[in-house]
Amino acid sequence: MDDLRELYQETILDHNQSPQNFGRLEFSTHSGDGYNPLCGDKLFLTLEVHDSKVKDIRFDGSGCAISKASASIMTTLVKGKTVSEAEALFDLFHELVTTGKSKTTNLGKLSVMAGVYKYPVRVKCATLAWHTLKNCLSHSNEVAKTE
Ligand code: ZN
């Protein structure tokens, strides 16, 4: 089980214990729920988007270490980015956690999720925050599901 230990490396545990941007924005322009029935991860995102830029973002909810850490990392990466940059990050992240590879060498904080692709069940946990983000940005009020 060394691989699994590797998966729960320090960065993931750090983000799980002290999540960034945790809570809800009082005045949000976009919001949405995410739910991963396989693991029971629940997420609520609020965003403040102005001039096609993500000025602020918060997440709330309960879930496993991977889902929480991924949401925390996602919010730190997306904050301050334009909507199209955020969508490009989604694509980058999705490729990374489903194939373990990426076209980009400079993944920064995302690289901690590179080992996730070996665990299909965990991929759903890791992508939940990103799927919810994508739904929020496209103004969809549906609950984001990982299925
Ligand atoms: Zn989970």
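The structure this text deals with has already been given above.
Below, the structure is looked at part by part. Just so it is clear, the model here is predicted, and its values are computed rather than measured. (Residues numbered from 1 in each chain as written. Predicted model: local features only at pLDDT ≥ 70, side-chain atom pairs only at ≥ 80, totals over all residues. Heavy atoms only, no water.)

Our next topic: the coordination of the zinc ion. For the zinc ion, the protein coordination sphere consists of C39 (SG), D41 (OD), D41 (OD), C64 (SG) and C125 (SG), at 2.2 to 2.7 Å. Mapped onto the sequence, the residues coordinating the zinc ion show the spacing C-x1-D-x22-C-x60-C. You can see D41 sitting in strand β2 (residues 41-50) and its partner C64 sitting in the loop between β3 (53-62) and α3 (65-78), a full 23 residues away along the chain. For the residue pair D41 and C64, the accessibility class agrees, reading buried in each case. (Donors = N, O, S within 2.8 Å, 3.2 Å for Na, K, Ca; no water. Helix = DSSP H or I, 4+ residues; strand = E, 2+ residues; numbered from the N terminus. Buried < 20%, exposed > 50% of the residue type's maximum accessible area, 1.4 Å probe, protein only.)

Bringing the nonpolar core into the picture now. Counting 38 residues, the largest nonpolar core has L45, L47, V78, L110, M113, W130 and L133 as the members making the most contacts within it. Examining the composition of this core, we find that nine residues originate from one element, helix α5 (residues 120-137), more than from any other. With sequence-adjacent residues up to four places away left out, M113 is seen in contact with I12, I66, A69, S70, I73, F93, L96, V97 and A126. (Core = buried A, V, L, I, M, F, W, Y, C linked by side-chain atoms within 4.5 Å. Contact = heavy atoms within 4.5 Å.)

This paragraph deals with the pairing of β3. Looking along a regular strand, one sees side chains alternate from face to face of the sheet. Both β2 and β3 contribute to a ladder of nine bridges, which runs antiparallel. Its bridge partner lying in β3, L43 is registered against G61. (Pairing = 2+ DSSP bridges.)

With that settled, consider the sheet that holds β2. One open sheet holds the four strands; their spatial order is β3-β2-β1-β4, and the pairing between them is mixed. Because the sheet does not close on itself, it has two edges, and the strands there are β3 and β4 (144-145). Packed on one face of the sheet, α3 meets β2 and β3 and runs near 170° to β3. Where α5 meets the sheet, its contacts fall on β1 (30-36), β2, β3 and β4, and the angle it forms with β2 comes to roughly 35°. (Axes fitted to C-alpha atoms, helices over the stretch in contact; angles between N-to-C directions.)

Let's shift gears to unusual backbone geometry. Although it is not a glycine, N21 adopts a positive phi angle of roughly 55°. Phi at D51 is positive, roughly 50°, even though this residue is not glycine. Mapped onto the fold, D51 is located in the loop between β2 and β3. Taking relative accessible area as the criterion, D51 reaches 74% and is therefore assigned exposed.

To continue, consider the packing of helix α4 (residues 83-99) against α5. Taken N-terminus to C-terminus, the directions of α4 and α5 make an angle of 160°; their axes are 10 Å apart at the nearest point. Classed by the angle they form, the pair α4 and α5 counts as roughly antiparallel. As α4 packs across α5, the resulting crossing turns out to be left-handed. Taken together, the residues of α5 that come into contact with α4 (itself represented by V83, A86, E87, L89, F90, D91, F93, H94, V97 and T98) are V123, A126, T127, W130, H131, K134 and L137. Looking at the contact of α4 with α5 residue by residue, the class counts come to 10 nonpolar, four polar and three charged. (Parallel < 35°, antiparallel > 145°, perpendicular 65-115°, else oblique. Left-handed = near helix turned anticlockwise from the far one by under 90°. Nonpolar A, V, L, I, M, F, W, Y, C, P; charged D, E, K, R; others polar.)

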